[in-house]
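Working through the structure, step by step
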Amino acid sequence: MKKKKAFYLVFAALLASGSVLAGCSQNAKTNTANTANTTNSGNGGTEGSSSFSYLMHDKFINWLKEDKWYPYVEKATGTTVEFVPGGSNDDEYYASVDQKIISGTFPDSGIVSVSQATVYGAQGAFVDLAPYIDKFGPNIKSYIEKNPTYKTMITDKEGHIYGLVAEAPRFADFIFYRADHFEKAGITKAPQTIDELTDVMRKLKAYYGKDNKNYYPMVGREHYFRFQSAFNAAANFDDGISKGIYANGKTGTDLYSDGYKKMVEWYKTLYSEGLIDPEWVAGSGTEESWESKMLTGQGSISYDHLTRPSWFMDNGGPENDPDYNIAILPYLKDLNGNPSVQTTETQYNTLRAMVVNEDSKDKAETIIKFLDYLYSDEGQTLVSWGVEGESYKDEGGNKQYIVDFSEQEATPAGEPRWSFLNDRLTFVKPVDNDAFYSWNTELVRNAAHELFTDENLKTGVTVTYTADQAKQLADLSAKVNEAVTSLVTEFVNGKRPMSEWDTFLSEMETAGYKKIVALQQEAYDAMYK
């Protein structure tokens, strides 16, 4: 959190100085890619081959170079892309973007945040892509017109478009469990409510915990608050009203909702009865310790990323126990008996906007034509399904992968593989959610198609912030989030009585909770009203 806070402080200071672009008279012009073997001009728009340089996260470059579908994109477009590494994590990367813009070493194109695209673009650092899209990007133009929220996000009041933003797949985490544990403990019906889930955990504890003091039915990693939706306590913009703290769709919590206090009391019950891993609650557990507990029978239930159920099946579970079997629970009903709604990530990732350097304006046509191919039906099929006969087959208009997910994703790093993990950044483009769900093991694929429905999922609202708002939010969130985590845990582990709940809410107000909610509302109103 300190790194993110520092980033916003530096960014805001640079903007306030009024001299952000003082060093931008020189274009990086670092294209050195060999294009001799690319002869198909495709959408490149020039005779022979075209090329441009592209700044992105180091890990995404490595993953993209392993994707077997990518060389087909370069061939189809007649364009070679030179990848320029910019950092290994978000804080490092976006700080490097600032530095490259200031020093005049920003490549022809690159990934920046929406805030950076807006501010630097208005100051002349980036090309206004609107006229290029109008002339050279018919597929991009069609997509923008069909998605008004996207259009609002990328277009300023004068109609300029300084960056195109990456779309994200629509999905939520899964609640999954050891089906063999349930069977052996005599649990024959999957729980549908919080009360039923609690009863299930008590049965598991009685069966597996009687001879094993280190057994806890529910285990996990990172923060243990995972059931906000079942308690009607998730934060979102309901009817345009900011509620709770969250970051563009990531599940946050509305402290003032009726269900939040009930959720804390529920976790307190789990903790006191030994139904949840105390290391997880204390924040002392690691990802590796969680994995070990789920693999070796020290835990039975987890709530995590959609690929994790299969990960345990593919990474030692059955080897540790021949009866080992993971299954996925339907989402629980909420406190009112209705299907609980999972807040997903936003449709668009505001940290992933692709821009074109103003000093590389001569590359803008090539870059837009390249991206436009990825928005076309042919390009979408290629990046989402691969090549017919090699990675998928088409039967009556229904595509099916003919390569195995587990086998391909287990390919050693650096070796080519078929991979269609569209939650990873490659280029800004639409996402085929059906392909994203289908590219997985049978366990996850079936659950995704069954559970990722409009009834179960609520896409987070995309909100962009000014530099000043972003700085304020970074400062306040660092303070408030830390306080919420530590103080709520004191209620859960019994160090603080629930009779002090109103005092806790007052403490959060003093820390800045309501100010965060107000800043979110301010940004929402500026964007949508």
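Reading the values: rules and limits
- Residues numbered from 1 in each chain as written.
- Predicted model: local features only at pLDDT ≥ 70, side-chain atom pairs only at ≥ 80, totals over all residues.
- Heavy atoms only, no water.
- Pairing = 2+ DSSP bridges.
- Helix = DSSP H or I, 4+ residues; strand = E, 2+ residues; numbered from the N terminus.
- Axes fitted to C-alpha atoms, helices over the stretch in contact; angles between N-to-C directions.
- Phe/Tyr/Trp six-rings, centres within 6.5 Å; stacked < 30°, edge-to-face > 60°.
- Buried < 20%, exposed > 50% of the residue type's maximum accessible area, 1.4 Å probe, protein only.
- Lys NZ or Arg CZ within 6 Å of the ring centre and 35° of its normal.
- Salt bridge = Lys/Arg side-chain N within 4 Å of Asp/Glu carboxyl O.
- Core = buried A, V, L, I, M, F, W, Y, C linked by side-chain atoms within 4.5 Å.
- Contact = heavy atoms within 4.5 Å.
- Arc of directions from axis to C-beta.
- Expected span 1.5 Å × (residues − 1).
- pLDDT = per-residue confidence, 0-100.
- Polar contact = N/O pair within 3.5 Å; in protein donor to acceptor, adjacent residues only side chain to side chain.

**Details of the sheet that holds strand 1 (residues 50-56)**
One open sheet accounts for 5 strands, arranged 2-1-3-12-4; its pairing is mixed. Lying at the two open borders of the sheet, with one neighbouring strand each, are strand 2 (79-85) and strand 4 (164-167). Each strand of the sheet is rotated relative to its neighbour by a mean of 30°, with strand direction disregarded. Pairing of strand 4 with strand 12 (residues 348-356), which is carried by 3 bridges, proceeds in the antiparallel orientation. The residue bridging valine 165 from the neighbouring strand is alanine 353, located in strand 12.

**Focus: unusual backbone geometry**
One non-glycine residue, asparagine 232, lies in the positive phi region at around 55°. As for its placement among the helices and strands, asparagine 232 is situated in the loop between helix 10 (194-208) and strand 6 (234-238). Phi is positive for aspartate 239, which is not a glycine, with a value near 55°. Among the structural elements, aspartate 239 can be located in the loop between strand 6 and strand 7 (241-243).

**Some remarks on the packing of aromatic side chains**
Taken as a whole and assessed by the stated rule, the structure comprises 48 aromatic pairs. Arranged with centres 5.4 Å apart and planes meeting at 75°, the rings of tyrosine 143 and tyrosine 375 form a pair that is edge-to-face. On the criterion of sequence distance, the pair formed by tyrosine 143 in helix 7 (residues 138-146) and tyrosine 375 in helix 16 (residues 364-375) is long-range, its members being 232 residues apart. On the basis of relative accessibility, which here comes to 12%, the residue tyrosine 143 falls in the buried class. An aromatic cluster is built from Tyr224, Phe225, Phe227, Phe231, Tyr260, Trp266, Tyr267, Tyr303, Phe491, Trp501 and Phe504, whose rings are joined through pairwise contacts. It is lysine 210 that lies over the ring of tyrosine 207; its NZ or CZ is 5.6 Å from the centre. Here arginine 226 stacks its cationic end above the ring of tyrosine 303, 4.9 Å away from the centre of that ring.

**Considering the pattern of salt bridges**
Once the charged atoms of two side chains with opposite charge are near each other, the side chains can pair. All told, the structure shown has 26 salt bridges when counted by the stated rule. Here aspartate 238 makes a salt bridge to lysine 458, at a shortest N to O gap of 2.5 Å. Residue aspartate 238 is located in strand 6, and its partner lysine 458 is located in strand 15 (residues 457-460); the two are separated by 220 residues in the primary sequence. For lysine 471, the salt bridge is made with aspartate 475, and the minimal N-O distance between the two is 3.1 Å. Taken together, the residues span about one helical turn, with lysine 471 and aspartate 475 both in helix 21 (residues 467-492) at a distance of 4 residues.

**Some details on the pairing of strand 2**
The element strand 2 is extensively covered by neighbouring structure, given that 6 of its 7 residues are classed as buried. Two strands pair when backbone bridges link them, and strand 1 and strand 2 are joined in this way by 7 bridges, in the parallel orientation. The residue of strand 2 that forms the bridge with serine 51 is threonine 80.

**Here we look at the nonpolar core**
Across soluble globular proteins, you tend to see nonpolar side chains buried next to one another. Membership of the largest hydrophobic core comes to 87 residues, with the highest contact counts inside it found for Phe174, Phe227, Tyr260, Trp266, Tyr267, Phe452 and Phe504. Looking at this core element by element, the count peaks at 10 residues for helix 21. Residues within four places of tyrosine 267 in sequence aside, it is in contact with Tyr224, Phe225, Arg226, Phe227, Ile276 and Val492.

**Some thoughts on the sheet that holds strand 9 (residues 301-304)**
Whenever strands of a sheet pair, they do so through backbone hydrogen bonds, lying parallel or antiparallel. What the 3 strands build is an open sheet, ordered 9-5-10; its pairing is antiparallel. Since the sheet does not close on itself, it has two edges, and those belong to strand 9 and strand 10 (326-329), each with one partner. Neighbour to neighbour, the strand axes of the sheet diverge by 30° on average, direction disregarded. Taken together, the 4 bridges between strand 5 (residues 174-178) and strand 9 define a ladder with antiparallel strand orientation. Note on strand 9: the bridge partner recorded for isoleucine 175 is tyrosine 303. Across the sheet, helix 20 (residues 442-451) lies against strand 5 and strand 10, angled at about 5° from strand 10, the strand it touches most.

**Focus on helix 3 (residues 70-77)**
Turning to helix 3, its buried residues number three or more, namely Tyr70, Val73, Glu74, Ala76 and Thr77. The buried residues of helix 3 occupy one face: seen down the axis, they fall within an arc of 165°. As for helix 3, its buried residues are in contact with helix 2 (58-66), strand 2, helix 16 and helix 17 (377-385).

**Let's talk about the side chain of serine 229**
Within the secondary structure, serine 229 is located in the loop between helix 10 and strand 6. With residues up to four places along the chain from it excluded, the contact list for serine 229 reads Ala234, Tyr303, Asp334, Ser340, Val341 and Gln342.

**Section: helix 10**
In this model, helix 10 (15 residues) spans 21 Å end to end at C-alpha, consistent with the 21 Å of a helix rising 1.5 Å per residue. Where the residues of helix 10 are buried, they touch helix 9 (179-184), helix 11 (258-272) and strand 9.

**Considering the confidence of the model for the protein**
In the predicted model, the protein carries a mean pLDDT of 89, and the fraction of residues at 70 or more is 90%. Counting interchain partners and residues more than four positions distant, the pLDDT-below-50 stretch residues 1-48 has 105 contacts.

**As for the environment of glutamine 347**
Within the element layout of this structure, glutamine 347 appears in the loop between strand 11 (342-346) and strand 12. By relative accessible area, glutamine 347 is classed as partly exposed at 29%. For glutamine 347 and proline 430, which are 83 residues apart along the polypeptide, the C-alpha to C-alpha distance reads 9.9 Å. Other than its neighbours up to four places away in sequence, glutamine 347 contacts Tyr143, Asn147, Ala166, Glu167, Ala168, Thr459, Gly460 and Thr462. Within the structure, glutamine 347 has its side chain in polar contact with the side chain of tyrosine 348 (distance 3.3 Å).

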